[in-house]
Each structure stands twice: as C-alpha cells, then as structure tokens.
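Take a look at the letters that make up each chain.
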Amino acid sequence: MASTITLAVTRYRPEEEAEPTVETYTVPFRKDWVVLDALNHIKDHQDGTLSYRWSCRMGVCGSCGMMVNGSPKLTCAAFLSDYAPGPVRVEPLQFFPIVRDLIVDIGEFLHKLKKVKPWIVRAEEQPLSEGEYLQTPDEVDAYKAFSMCINCMLCYSACPIVGLESHFTGPAAIALAQRYNLDSRDQGASGRVEILSDHEGMWGCTFVGDCSRVCPKNVDPAAAIQQYKLTTAVDTLKSWLLPRGSR
Amino acid sequence: MNERLTPFLWLLFSAGGTVAALLFPVHVFLVALAFPLGALPAPSYEALHGLVQHPLVRIYIFVLISLPLFHWAHRFRYTLYDGLQLYHLTNLIAVLCYGAALAGTAATAYVLLTLTR
Ligand code: SF4
Ligand code: FES
C-alpha cells in the first residue's frame, strides 16, 4: 500500500486572487483516514491558512460537505482508501458562491429553508394545561425519514436544476416542507403549498433523482417532492371539479 | 406557461408514465417478439378488427396512446427547456409539445370513432 496520497484542493483567497486556484498537497495515506482527516493534516502540518468547515466528524452536523472527485460528499464519511491511489480532487460544493477556499456561502440556502415555514404551524395553539400534542408511532413514521435531514446541502450540489436555476427552492427545503405537511400536529400545509406551487417550488423539479442518490441520511428528497406534487395536483383537480363544500 | 395548468399537465405526465411503464412492455413483447418469432400464434387481421369493435377495447387503445403522448410532451418540453436551455422559447416549446400530444390524441380519437365494421 502506498504510504502517501495526493490531494488537489481548491484554494480561493479573495484578497489575493480573482479566481479560485488548485493547490496540491501530499499527506500520509492511512486506511482509517477520511478526506477530512487529510484536510486537517494539511491544516495542522502544511498550511494553516486552508479554510473549510467541519465540526462533528461523524456525519451529524452536516457542515463538512465538499465535492470529492466531482461528487458531493460528507468529507468526514469519505474514506481516502476509496479514492486511492489518488490524486483526490477536493472542491467546494458546486452551485454555491465560494467565500474562501472550501467554504461556500449558505445564506441563500438558509433563506430557502426558512421560506417553507419549517415549523409546526397551528391555527390555534392548545393551552399548556392540555399538555403536549400526542402522536402515535404511525403518525411519527409518516414524516420521520424526511426529518432526518442534517442540512448538509449535498443534494443542492447534486441537483442539475439548482445549477441551472438558482431560485429553485431545492430538494432539502421542499422535503422539509413535506416533513411538516405530513406531521399530524401541523396545520400549515395550505400556506406552504401557496409558497411552493410554482416553477421555483415543486414544479421546477423534473425528477432527476440525484438528490436522493447523494443524501447521506437517506432522506429521499426526490420522493418527498414527487409525493408533494401528487397531493398538490390531486387537490388542484378536486378544486376544479368539486363544489366548495365537499373538498 | 400558465402555473395553474401545471398540476394538471403533471398528472397527465405521471399517468402517461405509469401506462407506458406497465402496458408498453406487454405490447412490445407481443407485437415485436412473440408474434413475429412464432412463440405465440399471431391473431388475424379480422380477429383484431373484430376486437376493436368493442367500446372497452377502443377506450383501452385510446388511453394507451393518448396518455403516453402527454408523458412524452412533458418530458420533451423539459428536455428542451433545461437540457438545451432554451429559456426564451419556453412558451413556444410548451405549445408545440402539448399541442403535438393533443393532435395525437385527437387523431387517435378520430380513427377509433370512425372505425367501420
Ligand atoms: S436532504 Fe439529505 S443531502 Fe439534502 S441537505 Fe438533507 S441530509 Fe443533506
Ligand atoms: S463533520 Fe459533521 S457531518 Fe462531517
């Protein structure tokens, strides 16, 4: 087994250069190392100015997403050995503006998340004295998979529509809307459908399915969006065909 | 494109996809493989002609042809729109694609309704 592996890492220092450049680093090749370990090794031993985000190192915080050999990955879960003998290409998540090196601007993404009202919307809150809103295990299962999202944004980097149309609300946010629509405690579905029933919302999706393929948490945002389309389409049809009262 | 129509066009698209995925393989197998290769005895023209006299068979053929046309229209529309990025032609593309599906549907209906005994 080779004792080192080379990483070709995108660097971008806006105060020094107009365009991102590539720098190569050679790090020890260890079987138990992930790409993030290699980046940490570079930062600790070779170049302390290399900038990137990470926190948990265990696929929970969702902050270490980068393009590894062209695919969006959590770098804390991408083993170097899967990319041997290298070189391993490490780039910032595509379709996001780069702030510095491997760090992207997540402002627009956060705005999209907030736009879908990702919280439990109630017409009227029940008084505290009545206790919590109870759910059966089946009611939890209805939305559980869609609630596992860690906001890593890999799905945005995988989605060709996000790449073509920056205003598209995108997989994670639409799946999140569906997560609350399916929650038995929530009453906000009609408000969300107004926000998402356009070309920037669910109808912008053409079911490429790459979001679900790259999702590290098996959220299956593509399924969430198709489900959402079906419910919306059937509701729209009903609103055309049925008199008001019987809907 | 009128956003109000989108859900309806999408329903036609998914219904067409379901029809194409479930029923086309059966027909392709029968017409393109089983009959020509002699695995199954091919029905005569008269037998088939007799079969399409039944209204349910005509409805079946209508659904079999029309819905997948709308599936094609929707897919092809987005292939042109996103794939070739012809954003400025969006309305023209939509009219041509769904128009072709409508024309195909009308032609199918015409043939099925005017079939003589
Ligand atoms: S849906 Fe999956 S890929 Fe997308 S942000 Fe959530 S966890 Fe990441
Ligand atoms: S460091 Fe937290 S998900 Fe990778």
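Here we summarise the structure given alongside this text.

## Describing the interface of chain B and chain A
Next, step 1: The partner chain A presents 16 residues to the 14 residues of chain B that form the contact.
Next, step 2: Buried surface at the junction of chain B and chain A, summed over both partners, amounts to about 1,400 Å²; 67% is from carbon and sulfur atoms.
Next, step 3: Run the count over chain B and chain A and you get one residue pair in polar contact (both at pLDDT 80 or more).
Next, step 4: Broken down by secondary-structure element, the contributors of at least two residues to the side of chain B that touches chain A are helix H1 (6-34) and helix H3 (55-83) of chain B.

## Brief notes about helix H1 (residues 35-45) of chain A
Next, step 1: For H1 of chain A, the buried fraction is high: eight of the 11 residues fall into the buried class.
Next, step 2: By the burial criterion, the buried members of H1 of chain A are Val35, Leu36, Asp37, Ala38, Leu39, Asn40, His41 and Ile42 of chain A.

## A word on the pairing of strand S4 (residues 71-74) of chain A
All names here are of chain A.
Next, step 1: Residues Pro72 and Leu74 line the buried face of S4, whereas the alternating positions Ser71 and Lys73 sit on a face that is not buried.
Next, step 2: Strand direction decides the pairing type here: strand S3 (residues 65-68) and S4, joined by four bridges, are antiparallel. Paired with Met66 across the strands is Lys73, a residue of S4.
Next, step 3: Between S3 and S4, which pair antiparallel one after the other, the connecting turn spans two residues, and Asn69 there sits at a positive phi close to 45 degrees.

## Topic: the side chain of Thr105 of chain B
Residues and elements named next belong to chain B.
Next, step 1: Secondary-structure assignment places Thr105 in helix H4 (residues 90-114).
Next, step 2: For Thr105, a relative accessible area of 13% gives the class buried.
Next, step 3: Every residue in contact with Thr105, bar those within four places of it in the chain, is listed here: Phe62, Ser66, Leu69 and Phe70.

## Comments concerning the sheet that holds strand S2 (residues 21-28) of chain A
Residues and elements named next belong to chain A.
Next, step 1: With mixed pairing, the five strands of this open sheet are ordered in space as S2-S1-S5-S3-S4. Both outer strands of the open sheet, S2 and S4, are each paired with one neighbouring strand and no more. If you compare each strand with its neighbour and ignore which way they point, the axes differ by 35 degrees on average.

Calculation criteria
Residues numbered from 1 in each chain as written. Chains lettered and ligands numbered in written order. Predicted model: local features only at pLDDT ≥ 70, side-chain atom pairs only at ≥ 80, totals over all residues. Heavy atoms only, no water. Contact = heavy atoms within 4.5 Å. Buried area = accessible area lost by both parts, 1.4 Å probe. Polar contact = N/O pair within 3.5 Å; in protein donor to acceptor, adjacent residues only side chain to side chain. Helix = DSSP H or I, 4+ residues; strand = E, 2+ residues; numbered from the N terminus. Buried < 20%, exposed > 50% of the residue type's maximum accessible area, 1.4 Å probe, protein only. Pairing = 2+ DSSP bridges. Axes fitted to C-alpha atoms, helices over the stretch in contact; angles between N-to-C directions.

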